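Examining the three-dimensional arrangement
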Amino acid sequence: MDIQSRTVDIPRKERTTKSDDPVAVWPLIEAALDKIEADEPTREAAEAAIEYSDGCAVLANYLNSQAKRVHKMDYRFKVPLLVLGAELAREDDGAETIYDPEEGAIYFETDDHQFSFHVYKDWTVDWEQVADYVESGYEWIGVDNQVWALDWLMDYLEVPTDQYMVDDGDDDDTEHFSRI
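Throughout, a residue's number is its position along its own chain's written sequence, starting from 1. The predicted origin of the model limits local features to residues at a pLDDT of at least 70 and limits the giving and counting of side-chain atom pairs to 80 or more, whereas totals for whole chains, interfaces and linings rest on all residues. Excluding hydrogens and water, the side-chain values take into account all heavy atoms of the structure.

Positive phi outside glycine occurs at Glu37, with the angle close to 55°. The helix and strand labels rest on DSSP assignments: H or I over at least four residues marks a helix, E over at least two residues marks a strand, and numbering proceeds from the N terminus. Secondary-structure assignment places Glu37 in the loop between helix 1 (26–35) and helix 2 (40–49). Unlike most non-glycine residues, Asp93 shows phi in positive territory, near 55°. Relative to the helices and strands, Asp93 resides in the loop between helix 4 (78–92) and strand 3 (95–100). Overall, Asp93 belongs to the exposed group, its relative accessible area being 64%. Three exposure classes are used, based on accessible area relative to the maximum for each residue type with a 1.4 Å probe and protein chains only: buried under 20%, partly exposed in between, and exposed over 50%.

Turning next to the packing of helix 1 against helix 2. Relative orientation of the contacting elements helix 1 and helix 2 amounts to 155°, with a least axis distance of 11 Å. Classed by the angle they form, the pair helix 1 and helix 2 counts as roughly antiparallel. Taken as a pair, helix 1 and helix 2 cross one another with a handedness that is right-handed. Together, Trp26, Glu30, Leu33 and Asp34 of helix 1 and Arg43, Ala46 and Glu47 of helix 2 make up the contact between the two elements. Side-chain classes are defined by residue name, with Ala, Val, Leu, Ile, Met, Phe, Trp, Tyr, Cys and Pro counting as nonpolar, Asp, Glu, Lys and Arg as charged, and the others, Gly among them, as polar. A breakdown of the residues in the contact of helix 1 with helix 2 according to their chemical character gives 3 nonpolar, no polar and 4 charged. In this description, a line fitted to the C-alpha atoms serves as the axis of each element, helices being fitted only across the stretch in contact, and the angle between N-to-C directions of two axes falls anywhere from 0 to 180 degrees. Angle categories are assigned with fixed cut-offs, so that under 35 degrees is roughly parallel, over 145 is roughly antiparallel, 65 to 115 is roughly perpendicular, and the rest are oblique. Should the near helix be turned anticlockwise from the far one by less than a right angle, the crossing is termed left-handed; should it be turned clockwise, right-handed. Throughout, a residue-residue contact means that at least one pair of heavy atoms, one from each residue, lies within 4.5 Å.

Before going further, it helps to spend a moment on the pattern of salt bridges. Side chains bearing opposite charge may pair, as long as their charged atoms lie close to each other. For salt bridges, the criterion is a side-chain nitrogen of Lys or Arg within 4 Å of an Asp or Glu carboxyl oxygen. Taken as a whole and judged by the stated rule, the model has 5 salt bridges. With a shortest N-O distance of 3.6 Å, Lys78 and Asp122 are connected by a salt bridge. Taken as a pair, Lys78 in helix 4 and Asp122 in the loop between strand 5 (114–118) and helix 5 (127–130) lie far apart in primary sequence, 44 residues in all.

This is the structure we're talking about:
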């Protein structure tokens, strides 16, 4: 199925919604990308990432990291993207999903990273149905991984780092910045 027309059925708690219609994922991601004024390579990387469970976690992490840059982030992408990531995880074994009802968070554990997404505000979703495991008091040992969010997202395009990083031109203690 074309990822741009992919939909998800969001499991809802009983009597919390009037509609159980499938939700198209890409248009909501695209709205968030528009909000952060993402450039074309970032959009291409996002499109490539949502084909994989770990990519969905990386993309959600990236979009969350960019929310600080904009006046009001469009978070409508969050629930459908996390549900899609959990569905894909069952197919591709790229991540395990754990829901901690005490913390109000869903965690994605990939081969390389741990991602944490607070979902307590999304109370209508039956997160226990979404996740592979439910674990109260889950011990998340991850770190703030939003610093590397763009790098990890660009990995889905298989773009070498030196093609999108530039140095600041100062020979002493050179810093590198993303071109994108």
